[in-house]
Amino acid sequence: MRVVVGIGGGIAAYKSAELVRALQQRGHEVQVVLTRAAQEFIQPLTFAALTNRKVITGLFSEASQQDALSSAVEHIAVAQENDLLVVAPATADLLAKFAYGFADDFLSTLYLAFTGKVVLAPAMNTAMWEHSATQSNLEVLTRRGNSIIEPDEGWLACGTIGAGRLPDPEYIAERVSSLTRQKKDLEGEFILITAGPTQEPIDPVRFISNRSSGKMGYALAESAAKRGAHVVLISGPVNIPAPKNVELIAIHTANEMRNAVLENLAQSTIIIKNAAVADYYVADVPRQKLKKTAARLSLQLDPTPDILAEVGQRKGDRLLIGFAAETQNLLEEARRKMNSKQCDMVVANLVGQDGVGFESDWNEVDIITRSGQTVHAGPAGKKEIAERILDQIATLRLSLRAVDTPA
Ligand SMILES: Cc1cc2nc3c(=O)[nH]c(=O)nc-3n(C[C@H](O)[C@H](O)[C@H](O)COP(=O)(O)O)c2cc1C
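Residues numbered from 1 in each chain as written. Predicted model: local features only at pLDDT ≥ 70, side-chain atom pairs only at ≥ 80, totals over all residues.

Moving on to the overall build of the protein. Looking only at helices and strands, the protein features 14 helices and 19 strands. Residues classed as buried in the protein amount to 41% of the 407 residues present. A fraction of 67% describes how many contacts in the protein between residues 6 or more apart in sequence connect residues 24 or more apart. (Helix = DSSP H or I, 4+ residues; strand = E, 2+ residues; numbered from the N terminus. Buried ≥ 20, exposed ≤ 12 C-beta atoms within 10 Å, placed from the backbone. Contact = placed C-beta atoms within 7 Å.)

If you want it as structure tokens, here you go:
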């Protein structure tokens, strides 16, 4: 795995050299980022020698100018090239910046651009750690899905005893490694995932579609394949590459999507219906392009097949997961969908908000199960949200198997 180690300006910065070593010994490729304050405690040269690569020390370095000229903005490139960001020590200042979304140096800007897993290992004086400001920042970061490695108790550099000491680098490296270890909890499952928009032609050159980018469905497909499932991804037209180890079936219309879903239903054990399927289509598409005239044009639209409802009727003991993208009454609509379409789980997200949902790399969802349990995930990158959704699916699968298996 490719790991960024971000180092804040705390006494414990000296332990970060050992952390870099411990991560490398576990097979990780490490890129180090030092904040300006961190450089008061430890030299970039130490990390350059350990990692054999340039240590990033600021947003506006000479190197970043060269990168920008070659159209590779460094903080975005580092965010995209790495799988996990660990910040150790995470100072009180960094926790506050991350919680509030400040982006005034390389590390905080990288944090905002990073869509992979984030691990924070805070270290500071006990009073700073226990301060309500620090604790409420931690609450925000935990809710966001960041993993926090709590500080140890013991002798602190400031001469007091209490909570705030950075844990042993070997322990942090082990925690990071356990997060990067690939779960294989979906082995043996055949997962059918629909993604993206549909395009409903109105004449040979025009169509009705929607703003779905397919990013959420593709992230689900990629993660499910990594977790051991055989994945068939039925996708409307999108501008993202097919995930690795996934069988891709490209379709355009709701009818084509229905056919592809029904053809693959028999083998499937889990169906995730994430596509934004058109509700209406033009049944009699003219053979020739519609001509512009001064008169008002009316389109006759017929309802498309309700694929989710149809799968719900035929699902047997398969798990059926629906998505509800709503602009209002989110949970109410999600529960209605759960019951009327016989879903086992509905992932509900508000669309039409700034920064999350359609087209964005970010999302914020409520994962609702038939038993009434609701788990909130995000705002977080769609890859992280995909993992959280699959965690819930794997848990539901296990609990249903336990019910089916006689004692
Ligand atoms: C000697 C010394 C030790 C410090 N140790 C810590 C520390 O362990 N944890 C912490 O949160 N801040 C510590 N600080 C304060 C930070 O250095 C300061 O808040 C700085 O702005 C943090 O910068 P950063 O955002 O780059 O981490 C220390 C400051 C000094 C002068």
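Read on, since the account is not over.
What follows is about the site of the ligand. Close contacts around the ligand come from 15 residues, with Gly 8, Gly 10, Thr 35, Ala 37 and Thr 91 the closest. Sort the elements by how many residues they give to the shell around the ligand and helix α5 (residues 92-100) lands first, with three residues. Among the residues making up the shell around the ligand, the classes are represented as nine nonpolar, five polar and one charged. (Near = placed C-beta within 6 Å. Nonpolar A, V, L, I, M, F, W, Y, C, P; charged D, E, K, R; others polar.)

This paragraph deals with unusual backbone geometry. Looking along the chain, the bond that leaves Ala 88 and enters Pro 89 is cis, with omega of -5°. One non-glycine residue, Asn 245, adopts positive backbone phi at about 60°. One can find Asn 245 in the loop between β11 (230-235) and β12 (247-250).

Turning our attention to the pairing of strand β6 (residues 152-155). Inspection of the sheet shows β6 paired to strand β7 (residues 161-165) by four bridges, in the antiparallel sense. Among the inter-strand pairings, Glu 153 is bridged to a residue of β7, identified as Ala 163. Joining the antiparallel neighbours β6 and β7 is a turn of five residues, in which Gly 159 adopts a positive phi near 90°. (Pairing = 2+ DSSP bridges.)

Across the sheet, eight strands lie side by side as β12-β11-β8-β13-β16-β17-β18-β19; this open sheet has mixed pairing. Only two strands of the sheet have a single partner each, and these edge strands are β12 and β19 (374-381). With strand direction ignored, the average angle separating the axes of adjacent strands in the sheet is 15°. Relative to strand β18 (residues 362-369), strand β17 (residues 345-350) runs antiparallel, the two being bridged by four bridges. (Axes fitted to C-alpha atoms, helices over the stretch in contact; angles between N-to-C directions.)

Let us look at the pairing of strand β13 (residues 270-273). By the alternation rule, side chains of β13 split into Ile 270 and Ile 272 and Ile 271 and Lys 273, which are all buried. As paired elements, strand β8 (residues 190-195) and β13 share four bridges and run parallel to each other. For Ile 193, the partnering residue across the bridge sits in β13 and is Ile 272.

Another point: the domain arrangement of the protein. Each domain of the protein was delimited in the assignment, giving domain 1 (2-180) and domain 2 (190-284 + 299-404). The straight-line distance from the C-alpha centre of domain 1 to that of domain 2 is 35 Å. Of the residues lining the interface, five residues belong to domain 1; the matching set on domain 2 comes to eight residues. A per-class count over the side of domain 1 that touches domain 2 returns no nonpolar, three polar and two charged. (Domains from an automatic or database assignment.)

Glancing now at helix α9 (residues 169-180). Between the first and last C-alpha of α9 there are 16 Å, a value that for 12 residues agrees with the 16 Å anticipated at 1.5 Å per step. Considered for burial, the residues of α9 that qualify are Pro 169, Ile 172, Ala 173 and Val 176. Down the axis of α9, the buried side of the element spans an arc of 100°, and every buried residue falls inside it. Considering only its buried residues, α9 is in contact with β1 (2-7), α1 (16-25), β3 (84-90) and β4 (117-122). (Expected span 1.5 Å × (residues − 1). Arc of directions from axis to C-beta.)

Soluble globular proteins tend to bury their nonpolar side chains together. Grouped together as the largest cluster of nonpolar side chains are 56 residues, with contacts concentrated most on Leu 220, Ala 221 and Val 231. Considering each element in turn, this core owes the most residues, seven residues, to helix α10 (residues 215-226). Once you skip the residues sitting within four places of it in the chain, Val 231 turns out to touch Ile 191, Ile 193, Ala 221, Ala 224, Ala 225, Val 246 and Glu 247. Core analysis: the next-biggest nonpolar cluster, separate from the first, contains 49 residues, Val 20, Ile 149, Ile 172 and Val 176 among them. (Core = buried A, V, L, I, M, F, W, Y, C linked by C-beta atoms within 7 Å.)

We now examine the environment of Gln 342. Here Gln 342 is to be found in the loop between α13 (330-340) and β17. The partly exposed category is assigned to Gln 342, around which 17 C-beta atoms lie within 10 Å. Between the C-alpha atoms of Gln 342 and Val 311, which are 31 residues apart in sequence, the distance is 8.7 Å. Beyond its immediate sequence surroundings of up to four residues, Gln 342 is in contact with Gly 312, Lys 315 and Leu 320.

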